[in-house]
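The chain contents come next:
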Amino acid sequence: MDELPHVSLSGTAHECGVIHGETFANEIRQNVSVYLDRFAHHGVDEQTVREQAARFLPRIDEWNPDYAQELRGIAVGSGVSEVEITLLNVRYEVLYAAYADENTGVDGCTSFGLLPEATADTHTYVGQNWDWAEPIADTLIVTEHCREQGPDHLAVTEAGIVGGKMGVNEHGVGLVVNGLVSPNDGDDPFRKPFHVRCWEVLEAERFDNALEPVVASPHACSSNFVIGHADGEVIDVEASPDRTGYVYPRNGVLTHANHFITDGFESRMERQLPDTLYRARRLQRTLDQHSGDLDAESIESGLSDHFGRPSSICRHVNEDAHPQERTQTNASIIIDLTDQTLRVTCGPPCENTYSTYRVGGVT
Ligand SMILES: [Zn+2]
């Protein structure tokens with residue numbers, strides 16, 4: 001596959017959105033179509049999804065006016081309706097509410113964080129393989145925000161979604177994420193959306209400001225956030241709708257997949273993705289073997305592991321699965337927080353090369 005499309009966004013929040021929308025209008029329309037088909041496959045009609053998305057927009061205006069302005073700018077730039085752009089930005093919340101009983105269709109992933117004592121260059125890293133619906137590989141983009149207000153940041157996101165899920169900002173704050181599932185997900189979907197929280201992490205100037213969006217208010221649905229800082233900190237926050245748990249690196253290495261590992265949670269994702277039970281552990285062992293000398297080669301090797309293929313760290317499409325339920329590693333991401341560089345593949349890392357982007361300019 002080719003490298004991910006990249007766009008630099010500047011000006012006001014609304015102007016950034018317009019550039020995003022104009023640049024990726026076709027990919028945004030494709031993304032809306034993919035998600036509506038996916039919702040329909042799971043028995044959720046389009047009208048219900050649209051009504052739910054419409055109820056979110058005024059709330060996003062209250063939670064984060066800049067985010068809402070950029071969202072509206074994307075609608076203007078792409079010619080796609082505000083409701084459909086909102087639908088993309090709250091897809092987690094819509095999915096969880098829709099799938100309350102079966103909880104299929106939530107992103108899988110294997111993530112990591114590395115402290116300076118574990119790496120050959122003594123830099124701090126976060127990264128992950130992002131496993132999700134196969135067609136979404138065609139709508140992934142890299143955005144670089146250089147706005148009038150707020151820190152510059154780089155992020156990997158989907159066309160039409162303001163909040164980058166994996167990224168790094170000019171203050172050395174970085175984020176990668178995993179899907180999680182617990183019993184109360186979606187009971188109250190109208191809480192600050194996952195993608196808005198991701199955005200707020202990448203807007204942070206200090207590490208405590210980066211943790212606040214994740215830990216300070218109730219969530220609509222479960223998710224895992226690996227948040228790092230260039231000065232040698234990484235904390236993993238497991239969040240369910242009503243509580244949070246914390247995981248810290250061990251010997252400078254931290255890994256996570258799609259089940260809760262701290263006490264007090266009822267974890268559900270492993271019912272659909274039993275492979276989560278070995279992916280993080282295998283990556284941890286691989287990284288531990290090279291701890292103190294971890295470099296691009298050893299990290300990439302860990303992310304290209306095929307034990308259990310296709311349900312492996314480097315995930316491949318299971319041809320026996322229903323087309324609407326096929327997933328793969330759509331992007332492999334390695335973020336150097338010290339150098340503020342983001343390296344990313346488009347597609348599984350075993351068969352695609354990493355492209356490098358730097359905050360303040362493509363390298
Ligand atoms: Zn592979």
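Conventions and cut-offs
- Residues numbered from 1 in each chain as written.
- Predicted model: local features only at pLDDT ≥ 70, side-chain atom pairs only at ≥ 80, totals over all residues.
- Heavy atoms only, no water.
- Donors = N, O, S within 2.8 Å, 3.2 Å for Na, K, Ca; no water.
- Helix = DSSP H or I, 4+ residues; strand = E, 2+ residues; numbered from the N terminus.
- Buried < 20%, exposed > 50% of the residue type's maximum accessible area, 1.4 Å probe, protein only.
- Patch = residues over 30% accessible without salt bridge, like charges linked within 9 Å, V, L, I, M, F, W, Y side chains within 5 Å.
- Areas by Shrake-Rupley, 256 points an atom, 1.4 Å probe, with all protein chains shown as cover.
- Salt bridge = Lys/Arg side-chain N within 4 Å of Asp/Glu carboxyl O.
- Lys, Arg positive; Asp, Glu negative; His and termini not counted.
- Charge placed at Lys NZ, Arg CZ, Asp CG, Glu CD.
- Expected span 1.5 Å × (residues − 1).
- Arc of directions from axis to C-beta.

1. Concerning the coordination of the zinc ion
Then, in step 1: Here the zinc ion is held by the protein donor atoms H306 (NE2), C314 (SG), H316 (NE2) and C350 (SG), which lie 2.0 to 2.3 Å from it.
Then, in step 2: Here the donor residues of the zinc ion are spaced in sequence according to H-x7-C-x1-H-x33-C. With H316 in the loop between α10 (296-303) and β12 (327-336) and C350 in the loop between β13 (341-344) and β14 (355-358), the pair connects residues that are 34 residues apart, well separated along the chain.
Then, in step 3: Residue classification places H316 among the buried residues on the basis of a relative accessible area of 9%.
Then, in step 4: Residue classification places C350 among the partly exposed positions, given a relative accessible area of 34%.

2. Things to note about unusual backbone geometry
Then, in step 1: Cis rather than trans, the peptide bond between R309 and P310 has omega equal to 10 degrees.
Then, in step 2: Position of P310 among the secondary structure elements: in the loop between α10 and β12.
Then, in step 3: Despite not being glycine, T122 has its phi angle at roughly 55 degrees, a positive value.
Then, in step 4: Accessibility expressed as a relative area gives 53% for T122, which makes it exposed.
Then, in step 5: Its identity as a non-glycine residue notwithstanding, N251 has a phi of 55 degrees, on the positive side.
Then, in step 6: In this fold, N251 is placed in the loop between β10 (244-247) and β11 (253-256).

3. Here we look at a negative patch on the surface
Then, in step 1: A cluster of acidic residues, D121, D293, D295, E297 and D339, forms a negative patch on the protein surface.
Then, in step 2: Note on placement: D295 falls in the loop between α9 (276-289) and α10.

4. Notes on α9
The α-helix advances 3.6 residues per turn, and as a result positions three or four apart in sequence lie on the same side.
Then, in step 1: The end-to-end C-alpha separation of α9 is 21 Å, in line with the 20 Å expected for 14 residues at 1.5 Å each.
Then, in step 2: Along α9, the residues that are buried comprise T276, R279, A280, L283, Q284 and L287. The buried residues of α9 all sit within an arc of 125 degrees when viewed along its axis, so they share a single face. Residues of α9 that are exposed and angled more than 90 degrees away from the buried face: R281 and Q289.

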